[in-house]
Amino acid sequence: MQPVMSEKPPPIRIAIISSHEAPACQVVSLPFSLEGYPPVELEVFQGVASLSPAELRQVLKERQPAGFDIILDGEQLAPDLGEAPFVSGPQARMLEALLCQLQELRQKQEINAGIINSATDAIVTINEDHIIIGYNQGAEQILGYTREEALGQNLKLIIPPPHKEVHEQYVRRYVATRQAHLIGKHVRLNAQRRDGTEFPMSISFSVAEVRGNLYFTGVIRDITETKEMEDRLLQSERLAAVGNTVTHIAHEIKNPLLIIGGFARQLIKATELDDKARQKLSIIAEEVGRLEGMVAEMRDFTRPSESHKTLGRVEPLLAEVLEFFQENFQEHHIQVKRQEDGPLPQVNFDPKQIRQVLINLIKNAVEAMPRGGELTVATRVNGPDLEISITDTGEGMAPDVAANIFQPYFTTKEKGTGLGLAICNFIVKEQHGGCLLADSTPGQGSTFTIRLPLAEGSPG
Ligand code: ADP
Ligand code: MG
């Protein structure tokens, strides 16, 4: 039979008259068709052995026997059906068996197609000429081309160079030698979506030979997320290595720094020094102080202290830290505003660690306002959390800076360590189960908000 190319060929209706009680075909009256061929509709009249030929004729008449293109009656249960095209005896049995087998085959095919189509991976089949002949829904989703757009196209549609050449060479080699070194393996390539974006994919190949023709199927998985995770892991491994080095260096330079600083401070007091020498020594003492601070920050980051939380109020701690910065604020022309939204409930926190967080955030705020400004420290209860926010009217952060501030060693400062916010984040998030938020407008200022979960049973 030649494929009928018209859009929708009219169905061929077949009635099967059967004496079996059990269905002759597993699914009856299931229209089935292969692409391009007219569909075949089966109607099985089963278990009709108990009917007399007259009754059977009546049943078929009600179902319009003229509407059937052919009536198969292997057992010759209803001889003579008038004008209806009628096949009986062994021919009918053979046709019936063929039809039922075809129907089951079609069903299996539909199940397979359903599995392939509903798979979340992209499944793409090509022939020896690299033409796409199979393309599932997963592929539509991952690659962006519809089935209609992809079928019949060259594979280069989705595999950009240089991977395309590698792939083509591979197929050519397989066709010539039948030696498959990639079959069954997962390979990483880049694929290209309809919108032109490339993404990393893992592809596993299989090959099928059907009547002398080779078909290659690739199961493609988008591994963008896996790749990102791997990159992050690599990054954290690198950081761990850097951390070890830093701990080592910090340990090595801590004592010499202490000695240099101590001697410098002693010498400053010596009477026989002239002013210039004393000024130089002050600079040494100051720089040593800064280096000591840096070493302490690095040590804190690489070996975070354990937290010892107690139930208490944050207000006294805030007052203490602001007092600590008093001179610093004056020196930098910074006005401090304290906003309180009623009395605060107690929270479970480690005062030493939260002091460190507040110091780091206020230090950053001061550094962001080299020409002075306003620092607002606000406290409030927000849902299940206590919030402390520190707002400055400083330089603010560009989006690409803001996106990285919690990354260890990220700094935009000439003498920064880039560890302050990483430590704050670790303390607030990991050690207190809270979160640290940053909000900033370039040129206008930034707000850093610490959220600490309220203790169970706290009012508010
Ligand atoms: P460091 O202060 O050593 O640079 P931090 O981790 O404390 O390291 O801060 C990282 C970066 O975040 C800073 O270099 C700066 O670019 C940015 N940043 C932090 N706080 C502020 C702020 N209040 N205003 C503007 N930028 C800030
Ligand atoms: Mg800092």
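Everything below is about the structure shown above.
Every chain's residues receive numbers from 1 upward, in the order its sequence appears when written. Ligands are numbered from 1 and chains lettered from A, in the order in which they are written. Given that this is a predicted model, residues contribute local features only at a pLDDT of at least 70 and side-chain atom pairs are listed and counted only at 80 or more, while totals for whole chains, interfaces and linings are drawn from all residues. Derived side-chain values reflect all non-hydrogen atoms in the structure, with water molecules and hydrogen atoms excluded from consideration.

Examining a nonpolar patch on the surface
The condition is simple: Only residues whose relative accessible area exceeds 30% and that form no salt bridge are eligible for patches; like-charged ones are grouped when within 9 Å, while nonpolar side chains (Val, Leu, Ile, Met, Phe, Trp, Tyr) are grouped when within 5 Å. Where accessible areas are quoted, they stem from the Shrake-Rupley method and a 1.4 Å probe; at the residue level, only the protein chains shown are allowed to cover. Definition used for salt bridges: Asp or Glu carboxyl oxygen within 4 Å of a side-chain nitrogen of Lys or Arg. Comment: elements are numbered from the N terminus, with helices defined as DSSP H or I runs of at least four residues and strands as E runs of at least two.
Where nonpolar side chains cluster on the molecular surface, the patch consists of Met 94, Leu 95 and Leu 98 and spans about 270 Å² of accessible area. On the secondary structure map, Met 94 appears in helix α2 (residues 89-118).

A few points about the packing of aromatic side chains
Stated precisely, the cut-off is as follows: Each aromatic pair joins two rings of Phe, Tyr and Trp (for Trp, the six-membered one) with centres within 6.5 Å, and gets the label stacked for planes under 30 degrees apart, edge-to-face for over 60, and tilted for any other angle. Only protein chains enter the accessibility calculation, which uses a 1.4 Å probe; a residue whose area is less than 20% of its type maximum is buried, one above 50% is exposed, and one in between is partly exposed. Two thresholds decide whether a charge sits over a ring: the Lys NZ or Arg CZ must be within 6 Å of the ring centre and within 35 degrees of the ring normal.
This structure, assessed with the given rule, holds three aromatic pairs. Pairing Phe 324 with Phe 325 gives two aromatic rings, centres 5.4 Å apart and planes at 90°, and the pair type is edge-to-face. Phe 324 gets classed as exposed once you look at its relative accessible area, which sits at 60%. Residues Phe 325 and Phe 329 carry aromatic rings whose centres are separated by 5.7 Å and whose planes lie at 20° to one another, so their mutual orientation is stacked. Here Phe 329 and Phe 325 lie together in helix α8 (residues 315-331), a separation of four residues that amounts to about one turn. Residue classification places Phe 325 among the buried positions, given a relative accessible area of 5%. Accessibility expressed as a relative area gives 1% for Phe 329, which makes it buried. An aromatic cluster of at least three residues, connected via ring pairs, comprises Phe 324, Phe 325 and Phe 329. The ring of Phe 68 has Arg 13 lying over it, and the distance from NZ or CZ to the ring centre is 4.6 Å.

Regarding the pattern of salt bridges
With the rule as written, the count across this model stands at 15 salt bridges. For the salt bridge of Glu 287 with Lys 415, the shortest nitrogen-to-oxygen distance reads 3.9 Å. With Glu 287 in helix α7 (residues 275-302) and Lys 415 in the loop between α10 (399-402) and α11 (420-431), this residue pair connects regions lying 128 residues apart in the sequence. Taking the relative accessible area as the measure of exposure, Glu 287 reaches 29% and is therefore partly exposed. Judged by its relative accessible area of 49%, Lys 415 is partly exposed. Here Glu 367 ties to Lys 363 by a salt bridge, and the two come within 3.8 Å at their closest N and O atoms. A residue pair is termed a helical-turn pair when its members lie 3 or 4 positions apart in one helix, as Glu 367 and Lys 363 do in helix α9 (residues 351-367) at four residues. Each of the salt bridges in this network shares a partner with another, and the network as a whole consists of Glu 287, Arg 290 and Lys 415.

Some points on the sheet that holds strand β16 (residues 445-453)
For clarity, the threshold we go by: Should DSSP find at least two bridges between two strands, the strands are taken to pair. A fitted line through C-alpha atoms represents every axis, and for helices the fit uses only the stretch in contact; the resulting angles, taken between N-to-C directions, go from 0 to 180 degrees. The contact definition used throughout considers only heavy atoms, calling two residues in contact when any of these lie within 4.5 Å.
If you walk across this open sheet you meet the five strands as β11-β13-β14-β16-β15, and the pairing is mixed. Of all the strands in the sheet, just β11 (334-340) and β15 (435-441) have a single pairing partner and so form its edges. When the angles between neighbouring strand axes are averaged without regard to direction, this sheet yields 15°. Two strands pair when backbone bridges link them, and β11 and strand β13 (residues 373-382) are joined in this way by seven bridges, in the parallel orientation. Residue pairing in the sheet places Gln 339 in a bridge with Ala 378 of β13. Along the sheet face, α9 touches β11, β13, β14 (385-392), β15 and β16 and points at about 25° away from the line of β14. Of the strands in this sheet, β15 and β16 touch α11, which is tilted by about 140° from β15.

Looking at the site of ligand 1
Rules: Note on terminology: near, applied to a residue and a molecule or strand, indicates that one of the residue's heavy atoms is within 4 Å of it. Any N or O atom pair separated by 3.5 Å or less is treated as a polar contact, with the protein-specific requirement of one donor-capable and one acceptor-capable atom, and with residues adjacent in sequence counted only for side-chain atom pairs. The distinction between a cavity and a pocket rests on a 1 Å grid over the protein atoms alone: a 1.4 Å probe fits inside a cavity but cannot get out, while a pocket stays open yet meets protein on both sides within 12 Å along at least five of seven lines, and a residue with an atom within 4 Å of a point counts as lining. Pocket occupancy is defined atom-wise: a molecule lies in a cavity or pocket when more than half of its atoms are within 2 Å of its grid points. Residue polarity follows a fixed list, in which Ala, Val, Leu, Ile, Met, Phe, Trp, Tyr, Cys and Pro are nonpolar, Asp, Glu, Lys and Arg are charged, and the others, Gly among them, are polar.
Taken together, 20 residues sit near ligand 1, with Asn 364, Thr 411, Thr 412, Lys 413 and Leu 421 positioned nearest. In the environment of ligand 1, a nitrogen atom lies 2.8 Å from a nitrogen or oxygen atom belonging to the side chain of Asp 392. Within the contact set of ligand 1, an oxygen atom lies 2.5 Å away from a side-chain nitrogen or oxygen of Thr 411. Across the complex, the protein chains shield 96% of the 530 Å² of accessible surface that ligand 1 would expose by itself. The cavity that encloses ligand 1 is the largest pocket. In terms of residue class, the shell around ligand 1 is made up of nine nonpolar, nine polar and two charged.

Overview of α11
To be explicit about the condition: Any helix carries an expected span of 1.5 Å times its number of residues minus one.
The terminal C-alpha atoms of α11 lie 16 Å apart, and with 12 residues this matches the ideal 16 Å at 1.5 Å per residue to within 8%. Along α11, the positions that sit buried rather than exposed are Gly 420, Leu 421, Ala 422, Ile 423, Cys 424, Asn 425, Ile 427, Val 428 and Gln 431. Buried-residue contacts for α11 involve α7, α9, β15 and β16. Phi turns positive, to about 65°, at Gly 433, one or two residues after α11.

Overview of the state of the cysteines
So the rule is basically this: The term disulfide is used for any two cysteine sulfur atoms that are within 2.5 Å.
Overall, the coordinates contain zero disulfides when judged by the stated rule. Here Cys 424 is not disulfide-linked; the sulfur of Cys 435 is the nearest cysteine sulfur, at 13 Å.

Description of unusual backbone geometry
Among all residues save glycine, negative phi is the norm, and among peptide bonds the norm is trans. The phi dihedral of Arg 211 is positive, around 45°, even though this residue is not glycine. Inspection of the secondary structure assignment puts Arg 211 in the loop between β8 (198-210) and β9 (213-222).

Quick word on the layout of surface pockets
Let me state the cut-off plainly: Grid points are joined across faces, edges and corners, and a volume is the space filled by probe spheres set on the points. Delimitation of the domains relies on an automatic or database domain assignment.
For the largest pocket, the calculated volume is near 1500 Å³. Glu 297, Asn 360, Lys 363, Asn 364 and Glu 367 are, among the 50 residues lining the largest pocket, the residues nearest its centre. Listing elements by their share of the lining of the largest pocket, those giving two or more residues are α7, α8, α9, α11 and β16. At 11 residues, α7 tops the list of elements feeding residues into the lining of the largest pocket. Here the residues of the lining of the largest pocket are counted per class, giving 17 nonpolar, 18 polar and 15 charged. Two domains each provide a minimum of three residues to the lining of the largest pocket, namely domain 3 (227-302) and domain 4 (310-453).

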